[in-house]
Amino acid sequence: MRTALGCCLLLLATTLTGGCADDRRDTLVVLGPWTGPEGTAFEAMLRRLDDGTGETYTYKGTRSLRETLVAQLEAEDPPDVAVLNSVGELTEYARDSLLQPLDAPERPPWAPRVEVSGARRTYWVPLKVDLKSLVWSEAGAGGGDRGGGRPRWCLGMASQATSGWPGTDWIEDLVLHRSGPGTYARWATGGLSWSSPEVRGAWTAWARLLGERSRKWVDLALTTSYEGVPDTADGDAREATRGLLNSPQLNCTHEHQSAFVRYLYTNAKGEGGLQDGRGRPVRVDPSARFLPGPAAHDGAYEVAGDMAAAFGDRPAARDLVERLSGSEARRLWHAAAEPALRPFFPGAGDPQPTDPGGDRAAGILTGGAETLCFDASDAMPPALRDTFHRAVLHYLRDSSAAHLDALLGELDNVRTKTGRSTLPPGDLCAPPAGG
């Protein structure tokens, strides 16, 4: 009798309070790569995107994104939404039925349709994007192969678990500008051997551009961060100058790097144009000016992007992914970010950076380029991408022909094991989106 009475009273209390469980808001977890000021700006956008009427959102940023996500997937506790720059990794997750297909339209080169179980669907959307194929230099340092003078190239290869990617960017840009977008796309999706003349020639061209390298220079390049500060175990060391052009021990005049590094050369007071740490003007140019290759490929640029995908089976996660790539989210994100850290977005109608360097890159991304080609290593299966990262580190130490042949043979073996990509080669390169 008491048990029955207690149940009735509990049922009555639930009815009178309107069903608290029904009113409780769900929390969706977004896992992403941004920390520091970038993470703060993304979180601010996410809070304002939450209108208080449905699900609420929380962001978890980490520099060890792949390791964190893999651990969560193995524990069968993935985030609702994850933001990754590797479309090769995302493709594997889609084929393993870990991602929800989206209603978003195909948008090459950022978000092509992927074939899974005989059907072609989109599984991710671009959030922020980036322009590669750029060279930063001291304003009076002269040009390159086509501009006169010989650059002294900066090189910083250290990047924690992903060390080596600045070198893969070099190889990719050389394949693109020496052999064109079609060859680049076939290679990036597994249709062209690493030992082919087109790919092998890009490696040897890189060695020629770097010129004679002492053992001290090589050791410094391997241990210096791409941001221009020494890589340390505790990560606490900081120098007065930032950026590779600001690193006196490198004694360099030109840096091959993406548009995101503009924050390293922004005047501390936010005044005037780009400057190095000693107040000297810094300029940015398309890398085609400095790379060997026919002028017909000058309008091609390598790009990268951070893509959002919905894991699990919650419809609200899919809805959030599509909201994150919408105009309101982009407006809020732009407003929340510091000027030199404002993200690039894929459409000309999106808010874009207007700071020095950022405005020029935005113009190329949204209309100035003829062709945008997605980062080749980010399109490769993770095992092949990681082998590529390691190979450029080894090649920097020993660029002999025999050693290069061994490295390319190893890459071809991994390529054979991982198989051809399901990303369509024809969608890896595309004209800029108009809006």
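Residues numbered from 1 in each chain as written. Predicted model: local features only at pLDDT ≥ 70, side-chain atom pairs only at ≥ 80, totals over all residues. Heavy atoms only, no water.

- Under the annotation held in an unreviewed UniProt entry, the protein carries the name Alpha-glucoside ABC transporter substrate-binding protein and is attributed to Streptomyces typhae.

## Details of the overall build of the protein
So, step 1. Along the backbone of the protein there are 15 helices and twelve strands.
So, step 2. Buried residues in the protein amount to 52% of all 435 residues.
So, step 3. Relative to all contacts within the protein whose residues are 6 or more apart in sequence, the contacts with residues 24 or more apart total 75%.
So, step 4. As displayed, the protein has an accessible area near 18,900 Å², and 50% of this comes from carbon and sulfur atoms. (Helix = DSSP H or I, 4+ residues; strand = E, 2+ residues; numbered from the N terminus. Buried < 20%, exposed > 50% of the residue type's maximum accessible area, 1.4 Å probe, protein only. Contact = heavy atoms within 4.5 Å. Areas by Shrake-Rupley, 256 points an atom, 1.4 Å probe, with all protein chains shown as cover.)

## Focus on the side chain of Ser159
So, step 1. Structurally, Ser159 can be placed in the loop between strand E7 (134–138) and helix H6 (165–179).
So, step 2. Excluding residues that lie within four positions of it along the chain, Ser159 makes contacts with Trp165 and Tyr226.

## Considerations on the packing of H6 against helix H8 (residues 197–210)
So, step 1. Following both chains from N to C, one finds H6 and H8 inclined at 120°, their axes separated by 9 Å at the closest point. Our classification of the angle between H6 and H8 gives oblique. Crossing handedness for the pair H6 and H8: right-handed. Note on element contacts: H8 touches H6 through Pro197, Glu198, Val199, Gly201, Ala202, Trp203, Ala205, Trp206 and Leu209, opposite Gly167, Trp170, Ile171, Leu174, Val175, Arg178 and Ser179. (Axes fitted to C-alpha atoms, helices over the stretch in contact; angles between N-to-C directions. Parallel < 35°, antiparallel > 145°, perpendicular 65-115°, else oblique. Left-handed = near helix turned anticlockwise from the far one by under 90°.)

## Let's talk about the sheet that holds E7
So, step 1. Reading across from one edge, E8-E7-E9 is the order of the three strands in this open sheet, with antiparallel pairing throughout. Taken across any chain shown, the strands that pair with only one partner, and hence form the sheet edges, are strand E8 (254–256) and strand E9 (282–286). When the angles between neighbouring strand axes are averaged without regard to direction, this sheet yields 25°.
So, step 2. Both E7 and E9 contribute to a ladder of five bridges, which runs antiparallel. Across the sheet, Glu138 pairs through a bridge with Val282, a residue of E9. (Pairing = 2+ DSSP bridges.)

## Section: the pairing of strand E3 (residues 81–84)
So, step 1. Here E3 shows a buried face lined by Val81 and Val83 and a second buried face lined by Ala82 and Leu84.
So, step 2. Sheet topology places strand E1 (residues 27–32) next to E3; two bridges connect them, and they run parallel. Looking across to E3, one finds that Leu31 is bridged to Ala82.
So, step 3. Both E3 and strand E10 (residues 300–310) contribute to a ladder of four bridges, which runs antiparallel. By the bridge assignment for E10, Val83 is matched with Ala308.

## Here's the deal with the environment of Gly36
So, step 1. Summarising the element assignment, Gly36 is placed in helix H3 (residues 36–49).
So, step 2. Separated by 26 residues in sequence, Gly36 and Thr62 place their C-alpha atoms 10.0 Å apart.

## A short note on the side chain of Glu302
So, step 1. By the element assignment, Glu302 lies in strand E10.
So, step 2. Of note is the side chain of Glu302, whose polar atom sits 3.4 Å from the side chain of Tyr184.
So, step 3. What Glu302 contacts, discounting residues up to four positions off in sequence, is Leu131, Lys132, Ser133, Asp169, Glu172, Asp173, Leu176, Tyr184, Cys373, Asp375 and Ala376. (Polar contact = N/O pair within 3.5 Å; in protein donor to acceptor, adjacent residues only side chain to side chain.)

## Quick word on the nonpolar core
So, step 1. Judged by nonpolar contacts, the single largest core of 97 residues is most densely connected at Trp124, Trp187, Trp194, Trp203, Trp206 and Leu396.
So, step 2. Broken down by element, the residue count for this core peaks at eight residues, all from H8.
So, step 3. Taken together, domain 1 (27–130 + 304–366) and domain 2 (132–300 + 422–426) each give at least three residues to this core, which thus spans both.
So, step 4. Discounting chain neighbours no more than four positions away, the residues touching Trp194 are Trp187, Val199, Arg200, Trp203, Met380, Leu384, Phe388, Leu408, Leu411, Asp412 and Arg415.
So, step 5. Listed in part, the 28 residues of the second largest apolar core include Trp34, Ala41, Tyr57 and Leu332. (Core = buried A, V, L, I, M, F, W, Y, C linked by side-chain atoms within 4.5 Å. Domains from an automatic or database assignment.)

## Looking at the confidence of the model for the protein
So, step 1. The pLDDT averaged across the protein works out to 88; a share of 87% of its residues lies at or above 70.
So, step 2. The low-confidence segment residues 1–24, where pLDDT is below 50, has two contacts with residues more than four positions distant or belonging to other chains.
So, step 3. A low-confidence stretch, residues 231–241 (pLDDT under 50), is modelled with eleven contacts involving residues beyond four sequence positions or located in other chains. (pLDDT = per-residue confidence, 0-100.)

## Thoughts on the pattern of salt bridges
So, step 1. By the definition in use, this model includes 19 salt bridges.
So, step 2. Taking the shortest distance from any N to any O, the salt bridge between Arg385 and Glu89 comes out at 3.6 Å. You can see Arg385 sitting in helix H14 (residues 382–397) and its partner Glu89 sitting in helix H5 (residues 87–95), a full 296 residues away along the chain. Side by side, Arg385 and Glu89 carry an identical accessibility label, which is buried.
So, step 3. Close ionic contact of Arg262 with Asp355 constitutes a salt bridge, the shortest N to O distance being 2.8 Å. Linking Arg262 in the loop between E8 and E9 with Asp355 in the loop between helix H11 (327–336) and helix H12 (358–368), this pair joins segments that are 93 residues apart in sequence. (Salt bridge = Lys/Arg side-chain N within 4 Å of Asp/Glu carboxyl O.)

## Digging into H12
So, step 1. Every buried residue belonging to H12 is among Gly358, Ala361, Ala362, Ile364, Leu365 and Thr366, and all of these are buried.
So, step 2. Packing partners of the buried residues in H12 comprise strand E6 (125–131), E10 and strand E11 (371–374).

## A word on the packing of H6 against H14
So, step 1. Taken N-terminus to C-terminus, the directions of H6 and H14 make an angle of 90°; their axes are 8 Å apart at the nearest point. The pairing of H6 with H14 is recorded here as roughly perpendicular in orientation. Residue-level contacts link Trp165, Gly167, Thr168, Ile171 and Glu172 of H6 to Phe388, His389 and Val392 of H14.
So, step 2. Looking at the contact of H6 with H14 residue by residue, the class counts come to four nonpolar, three polar and one charged. (Nonpolar A, V, L, I, M, F, W, Y, C, P; charged D, E, K, R; others polar.)

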